[in-house]
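Here is what each chain is made of, one letter per residue.
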Amino acid sequence: AAPLVVAVSTSISAKKGLLIRNRAGFEDARHLNAVVFDKTGTLTKGEFGVTNIIPSGDYTKDEVLQFAAAIEQNSEHPIATGIVSSAKDQGLEQKRVTDFESITGKGIQGQVGGQKINVVSPKYVNDNNLSFDEQQFNELSEEGKTVVFVLVEDQLAGMIALADIVRETAKEAVSALKEQGIHSIMLTGDNQKVANWVAKQLGIDEVYAEVLPDDKANQIKEIKDKGWKVAMTGDGVNDAPALATAHLGIAIGAGTDVAMETADVILVQSNPNDVVELMELSKKTYRKMV
Ligand code: ADP
Ligand code: MG
């Protein structure tokens with residue numbers, strides 16, 4: 001490859017908001033068969049708003065939200081941001097937390113006023129055999145809402161549903177990929193029903209949900225083993241192992257530092273459709289040379 005042509009392309013791409021950190025990855029972009037996308041923060045904006053609070057037992061909605069917000073102030077997850085700002089909007093007093101811990105891919109925990117509080121995924125609740133209003137949960141999930149569970153001393157205190165915004169540009173990206181015969185795949189830690197809802201909005205070909213961070217990387221490995229050239233697109237800390245495993249790792253500019261430091265290319269404008277732009281630029285660049 002003529003270094004000058006590549007340098008010119010690198011500068012053109014930078015102007016378009018594509019930051020190329022690794023040229024080998026950029027070169028692979030022209031041969032892709034599959035593009036994998038994380039859901040939250042990648043295909044969606046990752047800006048959650050609380051839509052429903054369903055308390056259990058004697059708890060009130062405000063208590064459920066207040067407990068959750070107390071420990072979520074220690075988390076950087078988009079779910080945390082949504083819960084904390086909702087509690088602020090409600091004028092709820094911020095309680096003090098000790099012994100904060102995150103439970104990778106499943107939620108968080110901490111001590112509030114001498115009680116252990118958890119905010120966790122549906123999978124965590126199922127794994128611990130806690131019962132909840134399944135009909136209510138299913139209805140919310142089928143509307144594409146992410147539901148988390150608030151536990152006090154390992155007992156259910158309530159559910160909080162949050163809605164995110166699907167990126168319009170993600171739809172454009174998926175249909176442009178489809179036109180070029182490239183497979184689009186979603187890889188998310190979120191619940192299966194929510195994942196299916198978002199995938200349907202976008203026309204995504206394949207969905208893997210409730211996937212833990214290390215398994216995101218394993219899934220990429222499996223796709224590679226099929227002999228495919230695969231790109232992974234993500235924004236979160238939990239996407240970093242998968243970004244590193246893919247032929248081409250692409251980070252969303254609005255995402256975490258860890259994702260950006262691991263990726264081959266950064267989409268400065270956080271526009272998933274720039275993946276298509278990147279592929280075209282790669283083709284143009286490397287077509288010119290032998
Ligand atoms: P994603 O791929 O959607 O970014 P994560 O691996 O970050 O997924 O999280 C998977 C699931 O774990 C979330 O859908 C949520 O149920 C739960 N979870 C993770 N972090 C938090 C948090 N700070 N508060 C509540 N739940 C969380
Ligand atoms: Mg994400």
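These figures come from a predicted structure and were not determined experimentally. (Residues numbered from 1 in each chain as written. Chains lettered and ligands numbered in written order. Predicted model: local features only at pLDDT ≥ 70, side-chain atom pairs only at ≥ 80, totals over all residues.)

Trainee: Is there a simple way to think about the sheet that holds strand β13 (residues 265-267) in this case?
Mentor: Sheets are built from strands that pair by backbone hydrogen bonding, the pairs being arranged parallel or antiparallel. One open sheet holds the seven strands; their spatial order is β1-β13-β12-β11-β2-β9-β10, and the pairing between them is mixed. Edge positions in the sheet fall to β1 (18-20) and β10 (206-208), since each of these pairs with one other strand and no more. On average, each strand axis in the sheet is inclined to that of its neighbour by 20°, with strand direction left out of account. With respect to the sheet, helix α10 (residues 213-225) is in contact with β2 (34-38), β9 (183-187), β10 and β11 (230-234), its orientation differing from that of β11 by roughly 160°. (Pairing = 2+ DSSP bridges. Helix = DSSP H or I, 4+ residues; strand = E, 2+ residues; numbered from the N terminus. Axes fitted to C-alpha atoms, helices over the stretch in contact; angles between N-to-C directions. Contact = placed C-beta atoms within 7 Å.)

Trainee: Whenever I open this one, the sheet that holds strand β6 (residues 115-120) confuses me. Can you help?
Mentor: Taken together, the six strands give an open sheet; going across it, the order is β3-β8-β7-β6-β5-β4, and neighbouring strands pair in antiparallel fashion. The two strands at the open ends of the sheet, each matched to only one other strand, are β3 (49-55) and β4 (98-103). Neighbouring strand axes in the sheet, compared pairwise and without regard to direction, differ in orientation by 20° on average. The sheet contact formed by strand β7 (residues 146-152) and strand β8 (residues 155-163) spans seven bridges and is antiparallel. Residue pairing for β8: Leu 151 is matched across the bridge by Leu 156. Packing of helix α4 (residues 61-72) onto the sheet brings it into contact with β3, β4, β5 (107-112), β6, β7 and β8, and relative to β5 it is tilted by some 100°. Lying on the sheet, helix α7 (residues 134-142) is in contact with β3, β7 and β8; it crosses β7 at an angle near 145°.

Trainee: Which parts of the structure should I look at to understand the domain arrangement of the protein chain?
Mentor: By a widespread convention, an interface's size corresponds to the accessible area lost as its parts come together. According to the domain assignment, the protein chain consists of domain 1 (3-45 + 166-287) and domain 2 (49-163). Summarising the inter-unit geometry, the C-alpha centres of domain 1 and domain 2 are found 30 Å apart. Between domain 1 and domain 2, the residue contacts involve 13 residues of the former and ten residues of the latter. Within the residue set of the side of domain 1 that touches domain 2, elements represented by two or more residues are α3 (39-43) and α9 (192-202). Broken down by element, the side of domain 1 that touches domain 2 gets its largest block of residues, four residues, from α9. By residue class, the composition of the side of domain 1 that touches domain 2 is five nonpolar, five polar and three charged. (Domains from an automatic or database assignment. Nonpolar A, V, L, I, M, F, W, Y, C, P; charged D, E, K, R; others polar.)

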